[in-house]
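The residues making up each chain are set out below.
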Amino acid sequence: MAEIKTIGILTSGGDAPGMNAAIRAVTRSAIYSGLNVKGIYRGYRGLIADEIVDFHTQNVSNIIQMGGTILKTARCKEFQTPEGRQLAYDVMQRHKIDALVVIGGDGSLTGARIFANEFNFPIIGLPGTIDNDLYGTDSTIGYDTALNTIMQCVDKIRDTATSHERLFFIEVMGRDAGFLALNGAIASGAEAAIIPEISTQVDQLAELIQNGFRKSKNSSIVLVAESPVTGGAMGLAERVKNEYPGYDVRVSILGHLQRGGSPTAYDRILASRMGAAAIDALMDDQRNVMIGIKNDEIVYVPFTRAIKKEKPINRDLLETLRRLSI
Ligand code: F6P
């Protein structure tokens, strides 16, 4: 295989806390291994627009503790077209970039897979998304921080829910996945989580109310994953008003605050390990894989598997939540 001398690094899609720690780890590991590094700004959009600068160790000083991404990020429609990808390839040729490290979620790694196949170009992916919806890794970069943010928000909402004896539906992010809602509910001691993974199988709201979930309580917190499949917090609150009058219902949509903030120690360590592993993978002639960590071991997950949307939720967690909410 052609020797790799220069790598490009970019962040793409929704930002996630820990992306900076990953940029730092990739940059420093690459330089440590004798490679040149080019920082590509604004994801695939910046690649097409040639927003590329040389990166040295100092470019990534003092960023491990910062949320967001110093490289900025974007969702790029142009990269979804063959013409856009050709432009991106031409820019990389001009900069003599031999391989790419892409930090992002499902959409970003889907783009990476198509591009890598089209141009036979080496790409390593790092799972950077708060949603935790990539197969082959126990956790994605940013998920733990977002979970902690959700927990802190729910703790605060609980104070007012208890004082007013209200039922709160709190909507969290996750796109089509319920990891944040389910684990956020356990961590914050919520009564239930309404998640897309089981929304088509059972009417979770009806089940919740019929089971008398407020038998011994005056206030209740239910976490709702944002997916259209769950109906969202607004939809569920409307249903309660119509079908189960008598509850004093309120809604809180946590929104983008879930994506911000300084990464937790867990996310910093995860991102640092994964970033270093991305360079090991390239040196080891690995191509077109996402770095994952399973049972504390680094694993290489082919893009096709990682993005297949088949990461299962752990159903034992649903049972734990049910038991602990009596
Ligand atoms: O994928 C991360 C995520 O925060 C999802 O949880 C959410 O559905 C989406 O991005 C929001 O995207 P945007 O910031 O583009 O509105």
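The structure we're discussing is the one just above.
Residues numbered from 1 in each chain as written. Predicted model: local features only at pLDDT ≥ 70, side-chain atom pairs only at ≥ 80, totals over all residues. Heavy atoms only, no water.

(A) The arrangement of the overall build of the chain in detail. Tallying secondary structure elements over the chain gives 12 helices and 11 strands in all. Considered along the principal axes of its C-alpha atoms, the chain spans approximately 65 × 35 × 35 Å. For the chain, the proportion of contacts with a sequence separation of at least 24, taken over those separated by at least 6, is 75%. Roughly 14,200 Å² of accessible area belongs to the chain as shown, and the carbon and sulfur atoms make up 49% of that amount. Of the charged side chains in the chain, 35 are positive and 37 negative, and the gap between their average positions amounts to 2 Å. (Helix = DSSP H or I, 4+ residues; strand = E, 2+ residues; numbered from the N terminus. Contact = heavy atoms within 4.5 Å. Areas by Shrake-Rupley, 256 points an atom, 1.4 Å probe, with all protein chains shown as cover. Lys, Arg positive; Asp, Glu negative; His and termini not counted. Charge placed at Lys NZ, Arg CZ, Asp CG, Glu CD.)

(B) Expanded view of helix 3 (residues 82-94). Taking 1.5 Å per residue, 13 residues should reach 18 Å; helix 3 reaches 19 Å between its end C-alpha atoms and fits that length. Along helix 3, the residues classified as buried are Gly-84, Arg-85, Ala-88, Tyr-89, Val-91 and Met-92. Angularly, the buried residues of helix 3 cover 160 degrees about the axis, an arc narrow enough to put them on a single face. Turned more than 90 degrees away from the buried face of helix 3, the exposed residues are Glu-83 and Arg-94. Where helix 3 is buried, its residues meet helix 2 (43-48), strand 3 (52-55), strand 4 (99-104) and helix 4 (106-119). (Expected span 1.5 Å × (residues − 1). Buried < 20%, exposed > 50% of the residue type's maximum accessible area, 1.4 Å probe, protein only. Arc of directions from axis to C-beta.)

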